[in-house]
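# Summary of the model geometry
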Amino acid sequence: QVQLVESGGGLVQAGGSLRLSCAASGRIFVINVMGWYRQAPGQQRELVATAATNGRTNYPDSVKGRFTISRDNVKNTVSLQMNSLKPDDTAVYYCNAGINGVNYWGKGTLVTVSS
């Protein structure tokens, strides 16, 4: 019943910006951590950003200062503002959330950064 659906992916030139959004739907009683992960071709899925219920965030060094995660606990959404994009940011980006004690994943949205 619970689903996560991402949107906002696309093609952008290096140095540009994109904003990804993820909406949780279904029978939701509680959402714990929400976050974004990405997976480039031939690589492991990696953490991009997480946001706790209280708004505390976590980023790896690869995106610190460029990406910003935010969540709306009323709308049950989480977004990822991506600035100063680099070709190395090209990947499928996945929304992730702990909902009702279960870890859920979206199907992903493709971000392609051209040089």
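Description of the structure in this document. None of these values were measured; they are calculated from a predicted model.

### So, the packing of aromatic side chains
In total, this model carries 1 aromatic pair according to the counting rule given. For the ring pair Tyr37 and Trp105, a centre distance of 5.0 Å and an interplane angle of 65 degrees mean the geometry is edge-to-face. Linking Tyr37 in strand β4 (residues 31–39) with Trp105 in strand β10 (residues 102–105), this pair joins segments that are 68 residues apart in sequence. The ring of Tyr94 is capped by Arg45, whose NZ or CZ atom sits 3.7 Å from the centre of that ring.

### Side note on the sheet that holds strand β8 (residues 77–82)
With antiparallel pairing, 4 strands are arranged side by side in an open sheet as β1-β3-β8-β7. Since the sheet does not close on itself, it has two edges, and those belong to β1 (3–7) and β7 (67–72), each with one partner. For this sheet, the mean angle separating the axes of adjacent strands, direction not counted, is 15 degrees. By the bridge criterion, 5 bridges tie β1 to strand β3 (residues 18–25) in an arrangement that is antiparallel. Bridge pairing in β3 places Leu4 opposite Ala24.

### Let's talk about the pattern of salt bridges
Scanning the model with the defined rule gives 4 salt bridges in all. Two residues, Arg38 and Asp89, come together in a salt bridge whose shortest N-O distance is 2.9 Å. Of this pair, Arg38 sits in strand β4 while Asp89 sits in the loop between β8 and β9 (91–99); the two residues are 51 residues apart in sequence, bridging distant segments of the chain. You'll find Arg38 and Asp89 in the same group, each marked buried. For the salt bridge of Lys64 with Asp61, the shortest nitrogen-to-oxygen distance reads 3.5 Å. Lys64 gets classed as partly exposed once you look at its relative accessible area, which sits at 48%. Residue classification places Asp61 among the exposed residues on the basis of a relative accessible area of 66%. Among the charged side chains, a salt-bridge network with shared partners connects Arg38, Glu46, Arg66 and Asp89.

What counts, and at which threshold
Residues numbered from 1 in each chain as written. Predicted model: local features only at pLDDT ≥ 70, side-chain atom pairs only at ≥ 80, totals over all residues. Heavy atoms only, no water. Phe/Tyr/Trp six-rings, centres within 6.5 Å; stacked < 30°, edge-to-face > 60°. Helix = DSSP H or I, 4+ residues; strand = E, 2+ residues; numbered from the N terminus. Lys NZ or Arg CZ within 6 Å of the ring centre and 35° of its normal. Pairing = 2+ DSSP bridges. Axes fitted to C-alpha atoms, helices over the stretch in contact; angles between N-to-C directions. Salt bridge = Lys/Arg side-chain N within 4 Å of Asp/Glu carboxyl O. Buried < 20%, exposed > 50% of the residue type's maximum accessible area, 1.4 Å probe, protein only.

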